[in-house]
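# Summary of the model geometry
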Amino acid sequence: MANHLIMNFNTRELADHQSDFIVLGSGIAGFFAALLAARLGAAVTVMTKQSIQDSNTDKAQGGIAAAMDAADSPDLHYRDTLLAGAGLCDREAVRILVHEGPRRVLQLMDMGARFDFEGGRLALTREGAHSCRRIMHACGDATGAEIQRVLNEQALAEKNIEVLERHFAVDLLVRDNTCHGVLAYDQRGGCLKAFRSRAVILSTGGLGQLYEHSTNPDVATGDGIAMAYRAGAEVMDMEFIQFHPTVLNLPGAPRFLISEAVRGEGAILRNRSGERFMLNYHEMAELAPRDVVVRAILAEMRRHAGSNVYLDLRHLDDELVLRRFPNIHRTCLKHGLDITRDTIPVAPAAHYIMGGVKTNYFGETNIDRLYACGEVACQGVHGANRLASNSLLDGLVFGGRIAERTAGLWREEMPPRTEFASELPSPGDNVDYARISGELRRMMSAHAGPLRCREGLEAALGYMDDLAHLESTAARNIQGAELRNRLLTSRLVAETALMRTESRGGHFRDDYPRTRNSWLKHIILRK
Ligand code: SIN
C-alpha cells in the first residue's frame, strides 16, 4: 500500500496499459514535449482531463514573447524578465528561456503555426514591462487558439502518439521515489485504469480555478501540483499567484480575458469618474508590471465603491482595433458592447501561478522518472512575477528540453509491473463536494488573492483545517478527487503566503507591504 493515493483500487484488478511516456495535459508544454519525443521514436500517451481544446494555451490571446526582431535581443528579453520577476528569477533558467526561445518558436512555425506578419516581417506588439515590441501574435488576438490548432493537428496525425481525452489522472504511481506510471479515471468508460511507463511528464497547467474569478478554463484546479506533492515531489514558490488586471466584468458574461496587448496598443484605464488613473501609480502607467496595475485597479474600485474600472479604446483607430482584436471585439459585441464606441468594464481575476512542482533545467523533479513542464512546473524562470507572454515560450523551451533529455530512455527495458493498492474509509454519502468547492473558492478569493494579511490567511487555513478529515478518506468520484486537489493546493498557497512576511511580485501582504532583502529566497515544501 502507498499512502499518497486518494481513490480505492488495486492494480491487480486493473488492465495493464503500457506506454514509453505518459504526458498529462494537452497544452503547449505537454503536446510540444510529446511531439518531439514521438519524433525521436518514443510511444507516447497524452492524457487530458476534458478535451484537448480545454487548456490555458487555447485561451491565450496576447501572444508569445521571443527576441525575433533585429531591434531586440535575448539580453534585453533577459533583463525585462528579471525585472518583472522582482529579484526571485533563477538567472540560468531565464538565460535558457531567452536564448533557446527563438529556435523553439521557429520549430513551432515549421510545424505550421501562422503568426501575423506586417510588410513581410513578423508583426510584434508590446505588453506590460517589456522594453520593446516583442510579442508575436496570431489571428490578431487568438494566438493560443492558433498554437493549439497546430499542436492538436500534429499530435492527432502522429502515429507514435495516442491521445486519451476525458481521462482524469487521479494519482501518480510512485514507489521508492520512482514514478512507475499513473492511475487514471476514464470518464467515458466509467472505470479506473492503471498506466505503466518509463517516464511521466506532468504538464497539467495551473490552478486559477481555486479562485472565484479566473481567466483559466474549468479544468485548472491544481491537479498536477496536488498529485505530485502527495507522491513526495517538492513544490516551490506556491505563494506567487499572478492576477490579470483586465478581465471582462459584466453581469451575465463569462470572465473573458481582455488582453494586455490592448493596453500595449494604447488603451487607457479609467475609474468610475472617467479619470485616467494609472499615471498616479507608476511611470509606465497602463504598461506597469501586472501586480502594480492590479493593486491600482483594486484601490480605484475601493475609492469609488465599485466592482470594476473601465478600459477605453475609443480613441484608437477603428481599423486597428478590428484588425488586432477581432476576437475581443466579437465576444464583447455578443454581450452588447462595441469596443470601438463603449468602454469595457474590467476587474482583475486569477491568471497564472509562478510556482509549482520544482524541477531542474531539464524538467526533472526530485522523483525519478517524473518530469514537469509548463505552468505546473517551477524552475524559477518567472521569479515572483511572470513577464507577460513568457508562459507560452516557457512551455516550448522546457517542454522541448524534456523530450531531448529523455531521448534514450524509451530504448531501455520497460520496468516490471509494480502493484499498487489503496483501501481508505469512505467519506460517507453526505459530503457535498460542490458546496465545499464554492466555499473554498470564496475563502481563497477573500484571503489569498491579490491582497493578503495574517488574519485573513489564518481564517482561510482554519477553514481548511475543519475539512482535514476528508484527507484520510477515499475520494468517491472525480469531483471528490478534484476537491482533494483544490484543498491541498489551496493550503500550499495559503501556508506559503502566511510564511512570506514581505510583499514581492504576485504576493502582496497588507501587513508587510515592503520588499525585504532577508526574503530574497524561495519557499520549498515537501510532504
Ligand atoms: C494577455 O494577453 O494579456 C495574456 C498574456 C499573458 O498572460 O502572458
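Treat the numbers as computed from the prediction; the structure is a model and nothing was measured.

## A closer look at the overall build of the chain
Helix and strand counts for the chain stand at 14 helices and 22 strands. Whereas a compact globule of 527 residues would reach a radius of gyration of roughly 24 Å, the chain reaches 22 Å, a difference of no more than 12%. Expressed as lengths along the three principal axes of its C-alpha atoms, the size of the chain is roughly 65 × 55 × 45 Å. Counting only residues that meet the buried cut, the chain has 64% of its 527 residues in that class.

## Details of the pattern of salt bridges
Overall, the coordinates contain 41 salt bridges when judged by the stated rule. With a shortest N-O distance of 2.9 Å, Asp312 and Arg314 are connected by a salt bridge. What makes Asp312 buried here is its relative accessible area of 3%. Residues joined by salt bridges that share partners form a network here, namely Lys49, Asp223, Glu482 and Arg486.

## Some points on the sheet that holds strand S7 (residues 124-125)
Taken together, three strands build an open sheet; the order of strands is S4-S8-S7 and the sheet is antiparallel. Every other strand in the sheet has two partners, leaving strand S4 (64-65) and S7 as the edge strands with one partner each. With two bridges connecting them, S7 and strand S8 (residues 135-136) associate as antiparallel partners. Bridge pairing in S8 links Thr125 to Ile135.

## Section: the side chain of His180
Positionally, His180 belongs in strand S11 (residues 178-186). A distance of 3.2 Å separates polar atoms of two side chains, one belonging to His180 and the other to Thr418. If near-sequence neighbours (up to four positions away) are discounted, His180 is found in contact with Leu173, Arg175, Phe195, Arg196, Ser197, Arg369, Thr418 and Phe420.

## A short note on unusual backbone geometry
A positive phi angle, near 50°, is found at Cys139, a position not held by glycine. Mapped onto the fold, Cys139 is located in the loop between S8 and helix H5 (143-157). With phi around 70°, Ser389 is a residue other than glycine that occupies positive phi space.

## Concerning the side chain of Asn485
Within the fold, Asn485 resides in helix H14 (residues 478-499). Apart from residues lying up to four places away in sequence, Asn485 is in contact with Ile6, Phe168, Thr221, Gly222, Asp223, Ala226 and Arg230.

## Brief notes about helix H3 (residues 74-84)
If you check which residues of H3 are buried, you get His77, Asp80, Thr81, Leu82 and Ala84. Among the structural elements, S4, helix H4 (91-111) and helix H11 (391-405) are those in contact with the buried residues of H3. Of the residues flanking the end of H3, it is Ala86, one or two places downstream, whose phi is positive at about 55°.

## Examining the nonpolar core
Formed by 92 residues in total, the largest nonpolar core has its most connected members in Leu24, Leu172, Ile258 and Ile344. Core analysis: the next-biggest nonpolar cluster, separate from the first, contains 54 residues, Phe32, Ala34, Leu97 and Ala403 among them.

## Description of the sheet that holds strand S16 (residues 309-312)
Through backbone hydrogen bonds, the strands of a sheet pair up, either in parallel or in antiparallel fashion. Taken together, four strands build an open sheet; the order of strands is S14-S17-S16-S15 and the sheet is antiparallel. Every other strand in the sheet has two partners, leaving strand S14 (241-248) and strand S15 (268-270) as the edge strands with one partner each. Going from strand to strand, the sheet's axes swing by 45° on average, the running direction of each strand aside. Direction of pairing for S16 relative to strand S17 (residues 344-353): antiparallel, over a ladder of three bridges. Its bridge partner lying in S17, Tyr310 is registered against Pro345.

## Topic: the site of the ligand
Close to the ligand lie Gln61, Gly62, Glu127, His244, Leu257, Ser259, Glu260, Arg290, His351, Arg386, Ala388 and Ser389, which account for all nearby residues. Gly62 is positioned such that a nitrogen or oxygen atom in its backbone is 2.8 Å from an oxygen atom of the ligand. In this structure, Arg290 approaches the ligand through a side-chain N or O atom, which is 2.9 Å from an oxygen atom. Isolated, the ligand exposes 260 Å² of accessible area, and the fraction of that covered by the protein chains is 94%. Residues of the shell around the ligand, tallied by class, amount to two nonpolar, six polar and four charged.

## A word on the packing of aromatic side chains
Scanning the model with the defined rule gives two aromatic pairs in all. On the basis of an interplanar angle of 80° and a centroid distance of 5.2 Å, the ring pair of Tyr211 and Phe243 is categorised as edge-to-face. Note that Tyr211 is positioned in the loop between strand S12 (191-202) and helix H6 (223-230) and Phe243 in strand S14, a separation of 32 residues in sequence. You'll find Tyr211 and Phe243 in the same group, each marked buried. Considering the side-chain rings of Phe277 and Tyr281, the 6.1 Å spacing of their centres and the 90° angle between planes classify their relative orientation as edge-to-face. The class of Tyr281 is partly exposed, set by a relative accessible area of 34%. Here the guanidinium or amino end of Arg175 rests over the ring plane of Phe420, the centre of that ring lying 4.4 Å away.

## Side note on empty space enclosed by the protein
For the coordinates displayed, the defined rule picks out six cavities of 30 Å³ or more. Here the second largest cavity is characterised by a volume of approximately 100 Å³. Lining the second largest cavity are Thr11, Asp16, His17, Leu173, His180, Ala194, Phe195, Arg196, Pro416, Arg417, Thr418 and Phe420. Counting residues per element, the lining of the second largest cavity draws most heavily on S12, at three residues. Partitioning the lining of the second largest cavity into residue classes produces five nonpolar, four polar and three charged.

## Topic: the packing of helix H1 (residues 28-39) against H11
Where H1 meets H11, the axes come as close as 8 Å, and the angle between the chain directions of the two elements is 30°. In terms of axis orientation, H1 runs roughly parallel to H11. For the element pair H1 and H11, the recorded crossing hand is right-handed. Along the contact surface, H1 presents Ile28, Ala29, Phe32, Ala33, Leu36 and Ala37, while H11 presents Leu392, Gly395, Leu396, Gly399, Gly400, Ala403 and Glu404. Here the residues of the contact of H1 with H11 sort into nine nonpolar, three polar and one charged.

## Considering H4
Here H4 contains 21 residues, and its C-alpha end-to-end distance of 30 Å stays within 8% of the 30 Å for a straight helix at 1.5 Å per residue. Residues of H4 that are buried make contact with H1, S4, H3, S8, H5 and H11.

How each quantity is defined
Residues numbered from 1 in each chain as written. Predicted model: local features only at pLDDT ≥ 70, side-chain atom pairs only at ≥ 80, totals over all residues. Heavy atoms only, no water. Helix = DSSP H or I, 4+ residues; strand = E, 2+ residues; numbered from the N terminus. Rg over C-alpha atoms; globule rule 2.2 N^0.38 Å. Buried < 20%, exposed > 50% of the residue type's maximum accessible area, 1.4 Å probe, protein only. Salt bridge = Lys/Arg side-chain N within 4 Å of Asp/Glu carboxyl O. Pairing = 2+ DSSP bridges. Polar contact = N/O pair within 3.5 Å; in protein donor to acceptor, adjacent residues only side chain to side chain. Contact = heavy atoms within 4.5 Å. Core = buried A, V, L, I, M, F, W, Y, C linked by side-chain atoms within 4.5 Å. Axes fitted to C-alpha atoms, helices over the stretch in contact; angles between N-to-C directions. Near = heavy atom within 4 Å. Areas by Shrake-Rupley, 256 points an atom, 1.4 Å probe, with all protein chains shown as cover. Nonpolar A, V, L, I, M, F, W, Y, C, P; charged D, E, K, R; others polar. Phe/Tyr/Trp six-rings, centres within 6.5 Å; stacked < 30°, edge-to-face > 60°. Lys NZ or Arg CZ within 6 Å of the ring centre and 35° of its normal. 1 Å grid on protein atoms, 1.4 Å probe; cavity = no way out; pocket = protein on both sides within 12 Å on 5 of 7 lines; lining within 4 Å. Points joined across faces, edges and corners; volume = space filled by probe spheres on them. Parallel < 35°, antiparallel > 145°, perpendicular 65-115°, else oblique. Left-handed = near helix turned anticlockwise from the far one by under 90°. Expected span 1.5 Å × (residues − 1).

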